Structures are given as structure tokens and as C-alpha cells.
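The primary structure of each chain is shown beneath.
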Amino acid sequence: MLEPRPPEAHGPGRVALVVLAKAPEPGRVKTRLCPPAEAAEAADIAAAALLDTLDAVRATAGGRPVLALTGRLDAAARGEELAGAIRDLPVVAQRGAGLGARIAAAHADASRCAPGLPTLLIGMDTPQADARLLDRCVDALLGPAGPDAVLGPATDGGWWVLGLRDPQAAQVLAHVPTSRPDTGQRTLHALRAAGLRVVLAPTLRDVDTAADAVAVSRAAAGTRFAAAVRAVPALGRGRGC
């Protein structure tokens with residue numbers, strides 16, 4: 001298992017870009033792609049999505065990437081490639097009971113890696129979110145009349161990105177139920193109830209099902225993710241979609 005690194009400075013920047021990720025171990029990630037995909041194929045798709053997301057955060061202007069990781073890269077699809085991709089990044093272990101608590105902790109831990117900077121957190125399920133889109137989210141968060149938070153809704157009712165001027169504000173999300181059709185609305189309500197001004201980012205489709213994988217691969221045709229989806233014969237034929 002990759003040992004988390006202690007918080008450390010990582011160059012200049014305007015914002016800490018937090019990637020909340022699960023090591024793509026077969027049978028532990030993207031299980032809703034199976035069937036039609038096999039467990040190893042689903043893990044490879046997840047690994048490709050994570051690599052694309054890491055590329056996007058690296059290319060975002062003024063970003064200081066931080067990886068909040070759970071799971072074992074040494075058991076993961078594309079483990080060596082992933083280890084190389086994060087070799088120079090601060091890595092913190094996800095902590096907390098439940099996804100809401102892990103999200104709050106990831107914001108707090110990233111803030112310790114990049115003291116004094118706002119945080120922008122993205123998962124590994126939206127490989128179509130490129131650096132241009134993340135630049136827009138950062139600019140919205142940090143503009144002179146900017147909000148306290150930027151939230152990007154997902155088409156399944158969740159959300160795909162959360163930016164906070166004050167990373168400690170993420171604590172209000174620790175007990176928001178996740179993986180529900182109303183998670184995005186509950187998150188927005190919790191932020192506003194805490195007195196935060198929230199701006200919405202564009203809505204994206206995240207990848208949960210085979211249909212999602214095919215649709216997102218078409219929207220992001222030049223990515224590793226799209227190539228990984230095309231490499232799965234059952235998905236390429238549209239079966240199960």
C-alpha cells in the first residue's frame with residue numbers, strides 16, 4: 001500500500017486541487033459496470049479516469065494538486081503508471097466514517113498541505129472535466145466578488161466538484177447523506193444554511209453505469225478513459241447500455 005506522505009509545501013499556487021480517489025483494485029471499483037464489463041476491465045476504466053483527472057488538475061493554472069487516497073495502488077490496475085503519476089504529489093489517506101466525513105477531512109488535510117489556500121475537490125468519476133473547465137471553477141471561486149463556494153451538480157443528483165474559500169467550511173457536509181438522488185440538493189442546502197454564498201458550476205454526467213461510461217467516453221473522445229471504454233468489447237457494442 002502506498003504510504004501517505006506528510007503535508008508539505010508543493011510550489012506556488014492559488015488553490016489546492018484535491019483529487020478524492022479510490023485505488024482501482026479489481027472488484028472494488030466501478031462494480032456497476034459489471035456486467036457487461038469484467039472486474040479487471042472496470043478497474044482499468046477507473047484507472048484511466050483517475051489518470052485523466054490527475055492530468056487535468058496538473059494543467060489547471062495556479063493549482064497545487066493533492067491526492068486523497070484510499071486503497072492499495074500495488075493491487076490496482078495500472079498501478080505502476082499511477083504511482084509514477086503521483087510520485088511528486090502530496091498524498092493523504094482518506095479518513096472518516098462515511099463519504100461525507102471523508103470529503104470534509106480531505107478538504108482539511110489538503111489545507112494543511114497548502115496552508116492558506118482555498119480548496120477545490122474533484123472525484124475520479126468525471127474524466128471529461130478538463131483543465132479548461134477546472135480553470136473556470138477556480139476563477140469563479142477566486143474572483144474579486146467571488147462566492148464562498150462553487151458546487152458542480154451531477155446528472156444523477158450528486159455533485160462532481162466542490163470549491164471552498166475556507167476549507168474548514170467542509171465540516172458542514174460531514175453528515176450529508178451521499179449516493180442519493182438528492183445529495184446535490186442536500187449539499188447545496190447545507191452550504192447555504194451555513195451562510196455560504198454558492199455559485200453553481202456546469203452540470204456533468206459522472207460514471208457509475210455502463211450507459212454512463214459509453215456516454216462520457218463519447219464526450220471525451222481523446223482521453224485514456226475513452227480508449228479504455230472502447231477496449232471493452234461489450235461496452236464498445238453498447239451491450240448493457
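What counts, and at which threshold
- Residues numbered from 1 in each chain as written.
- Predicted model: local features only at pLDDT ≥ 70, side-chain atom pairs only at ≥ 80, totals over all residues.
- Heavy atoms only, no water.
- Salt bridge = Lys/Arg side-chain N within 4 Å of Asp/Glu carboxyl O.
- Helix = DSSP H or I, 4+ residues; strand = E, 2+ residues; numbered from the N terminus.
- Buried < 20%, exposed > 50% of the residue type's maximum accessible area, 1.4 Å probe, protein only.
- Pairing = 2+ DSSP bridges.
- Core = buried A, V, L, I, M, F, W, Y, C linked by side-chain atoms within 4.5 Å.
- Axes fitted to C-alpha atoms, helices over the stretch in contact; angles between N-to-C directions.

**Student:** In this structure, what is going on with the pattern of salt bridges? I would like to understand it.
**Tutor:** Side chains that differ in sign of charge can pair as their charged atoms come close. For the coordinates displayed, the defined rule picks out 16 salt bridges. A salt bridge links D148 to R197; its shortest N-O distance comes to 3.5 Å. One end of the pair, D148, is in the loop between α4 (131-142) and β5 (149-153); the other, R197, is in the loop between α5 (183-193) and β7 (198-200), and 49 residues separate them in sequence. We classify D148 as partly exposed; its relative accessible area is 23%.

**Student:** Please clarify how the pairing of strand β6 (residues 159-164) should be interpreted in this entry.
**Tutor:** Buried residues dominate β6, accounting for six of its six residues. Summarising the sheet, strand β4 (residues 119-122) and β6 pair through four bridges and their orientation is antiparallel. The partner of L121 across the bridge, within β6, is L162. Between β5 and β6, which follow one another and run antiparallel, lie five residues, and G157 among them has a positive phi close to 100 degrees.

**Student:** Is there a simple way to explain the environment of A83 in this structure?
**Tutor:** Along the polypeptide, A83 turns up in helix α2 (residues 79-85). Of the residues examined, A83 reaches a relative accessible area of 27% and is grouped as partly exposed. Along the sequence, A83 and A174 sit 91 residues apart, while their C-alpha atoms lie 29 Å from each other.

**Student:** When you look at the nonpolar core in this model, what are you seeing that I'm missing?
**Tutor:** Across soluble globular proteins, you tend to see nonpolar side chains buried next to one another. With 38 residues, the main nonpolar core has V19, L54, L120 and W160 as its most contacted residues. Of all elements in the fold, only β1 (15-22), α1 (39-59), β2 (63-70), α2, β4, α4 and β6 reach the threshold of two or more residues within this core. With eight residues, the top contributor of residues to this core is α1.

**Student:** Explain the sheet that holds β4 to me, please; I cannot follow it from the model alone.
**Tutor:** Strands sit in the order β3-β2-β1-β4-β6-β5-β7 across an open sheet of seven strands; the sheet is mixed. The open sheet has two edge strands with one neighbour each: β3 (91-93) and β7. Mean inter-strand twist for the sheet, computed between neighbouring axes without regard to direction, equals 20 degrees. With three bridges joining them, β5 and β7 adopt parallel strand pairing. When the bridges of β7 are listed, V150 appears paired with V199.

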